[in-house]
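The lines below spell out each chain.
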Amino acid sequence: MAKQRHSRPEFSPGCAVEAAIHLIDGKWKCVVLWHLLVEGTLRFNELRRRIPGVTQRMLTNQLRELEADGVIHREVYPVVPPKVEYSLTDMGRELEPILRALHAWGAEHMDIYTKSETEAADAEAAPA
């Protein structure tokens, strides 16, 4: 029997928000979706360059899950070396208003992240 690429535990969402979060839950999924939304079709290494903190394994896993859930499309071209491109499906494109709202909110509140990073560094540097 073929190995199952993406398994979900038994899941019955209690509300629509829970269902939506469950679909895009993952450290890098929203970032991947954002790049595909803004830049269109991208190859694996193009995505990896745009997300410096992601490992190859983690990006592969996140892409497989998004593909299994029908949010992105993976196109494999029969050439050597292999060429694989990723793009949003129609369902993935429906996430545009959500991703744009997250982007706007994040841009507006970016100082919270930079402030907490600065405070943490200052706390580490302070003598005990």
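Please read all numbers here as calculations on a predicted model, not as lab measurements. The residue numbers shown here count from 1 along each chain, following its written sequence. The predicted nature of this model means local features are confined to residues of pLDDT at least 70 and side-chain atom pairs, given and counted, to a pLDDT of 80 or more, with totals for whole chains, interfaces and linings taken over all residues. Working from all heavy atoms in the structure, the side-chain values ignore hydrogens and water.

A. Spotlight on the pattern of salt bridges. When a carboxyl oxygen of Asp or Glu lies within 4 Å of a side-chain nitrogen of Lys or Arg, that pair is called a salt bridge. Taken as a whole, this structure holds five salt bridges when the rule is applied. With a closest N to O distance of 2.8 Å, K29 and E65 form a salt bridge. Pair noted here: K29 is in helix α2 (residues 29-39) and E65 is in helix α4 (residues 56-68), with a separation of 36 residues, a long-range link. Accessible area is worked out with a 1.4 Å probe on protein chains only. A residue is then buried under 20% of its type maximum, exposed over 50%, and partly exposed in between. With relative accessibility at 0%, the residue K29 sits in the buried group. Note on E65: relative accessible area 22%, which makes it partly exposed. What counts as a helix is a DSSP run of H or I of at least four residues, what counts as a strand is a run of E of at least two, and both are numbered from the N terminus.

B. Just the nonpolar core, in detail. In this structure, V32, L33, L36, L47, L63, I72 and Y86 are the most contacted members of the largest nonpolar core, which totals 22 residues. Contributions of two or more residues to this core are made by α2, α3 (44-50), α4 and β3 (83-88). When residues of this core are assigned to their parent elements, the largest contribution, five residues, is made by α2. Residues contacting L36, with those up to four places away along its chain left out, are L42, L47, I72, Y86, S87 and L88. Put simply, buried Ala, Val, Leu, Ile, Met, Phe, Trp, Tyr and Cys residues joined by side-chain atoms within 4.5 Å make one nonpolar core. We call two residues in contact when some of their heavy atoms are within 4.5 Å.

C. Up close: the environment of D25. Looking at the secondary structure, you find D25 in the loop between α1 (16-24) and α2. Put simply, D25 and Q62 are 37 residues apart on the chain and 9.6 Å apart in space, counted from C-alpha to C-alpha.

D. Layout of the environment of Y77. Inspection of the secondary structure puts Y77 in strand β2 (residues 72-77). Look at Y77 and you get partly exposed, because its relative accessible area is 31%. Residues within four places of Y77 in sequence aside, it is in contact with K83 and E85. Whenever two N or O atoms come within 3.5 Å, that pair is a polar contact, provided that in protein one can donate a hydrogen and the other can accept it, and provided that, for residues adjacent in sequence, both atoms are side-chain atoms. Polar contacts involving the side chain of Y77 include one to the side chain of E85, which spans 3.0 Å.

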